[in-house]
Amino acid sequence: DSGVTQTPKHLITATGQRVTLRCSPRSGDLSVYWYQQSLDQGLQFLIQYYNGEERAKGNILERFSAQQFPDLHSELNLSSLELGDSALYFCASSEEGVSPTYEQYFGPGTRLTVT
Amino acid sequence: GENVEQHPSTLSVQEGDSAVIKCTYSDSASNYFPWYKQELGKRPQLIIDIRSNVGEKKDQRIAVTLNKTAKHFSLHITETQPEDSAVYFCAARRNTGNQFYFGTGTSLTVIP
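How each quantity is defined
- Residues numbered from 1 in each chain as written.
- Chains lettered and ligands numbered in written order.
- Predicted model: local features only at pLDDT ≥ 70, side-chain atom pairs only at ≥ 80, totals over all residues.
- Heavy atoms only, no water.
- Pairing = 2+ DSSP bridges.
- Helix = DSSP H or I, 4+ residues; strand = E, 2+ residues; numbered from the N terminus.

J.: If you had to explain the pairing of strand 6 (residues 56-59) of chain B to someone new, which residues and values would you point to?
T.: Residue and element names in this part refer to chain B. Note that strand 6 and strand 7 (residues 62-67) share four bridges and pair antiparallel. Looking at the pairing, Lys-58 lines up with Ala-63 of strand 7. What sits between strand 6 and strand 7 in their antiparallel hairpin is a turn of two residues, with Gln-60 showing a positive phi close to 60°.

This is the structure we're talking about:
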């Protein structure tokens, strides 16, 4: 158990719908990262938040948005869902400091199926 | 930004043989290089990492080497076992607080 929690574990929804994925980082970790992993694909970086502010943006669609709240948990919002959005969505967290070598801890993922 | 390339995409070895996976990176300012192992349907887990001020690091059957001049780093697994079968990802990071750049993954199969 990495200490990063994600809910829900599984989500099945229809095209055109909107869903929210939730992530709670490890206690004390300031950075939260979101990744998308489609079947047999690599990890596609979506977005990073650091202490409540957006730090880096990857290949995140305009239909997707995220935020990090004052208690450091984060939510990823996916709207106007398409079949191609079906994937495993991972959240990861990392402690930040002077050293760059802080490990990134991954949550168990949320498996989204769009029908 | 950084670009991390990983080869090969698939690798099959006999049990007991060694496996080597290679990654190259483009940003000379990257200074932290972790390797992750991901079993089917599970989360990626860190198996070994290396900083740019070190050339090699070993942990039992796993080792990572880094060539800063050539901007490449490699994962070496010796005496492979069937439980080593998984997808392995390399990554690079520039500074604390910045994003991790991942390679595309290598699917390793160890044949008993």
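J.: Provide a residue-level description of unusual backbone geometry, including the pertinent values.
T.: Excluding glycine, most residues fall at negative phi; most peptide bonds, likewise, are trans. Here the bond from A:Thr7 into A:Pro8 is cis, since omega is -5°, no more than 30 degrees from zero. With an omega of -5°, the peptide bond between B:His7 and B:Pro8 qualifies as cis. Counting through the fold element by element, B:Pro8 comes out in the loop between strand 1 (4-7) and strand 2 (10-14). Its identity is not glycine, yet A:Asn51 carries a phi of approximately 50°, on the positive side. With respect to the element layout, A:Asn51 can be found in the loop between strand 5 (44-50) and strand 6 (53-57). Look at B:Gln60: it is not a glycine, yet its phi comes out positive at around 60°.

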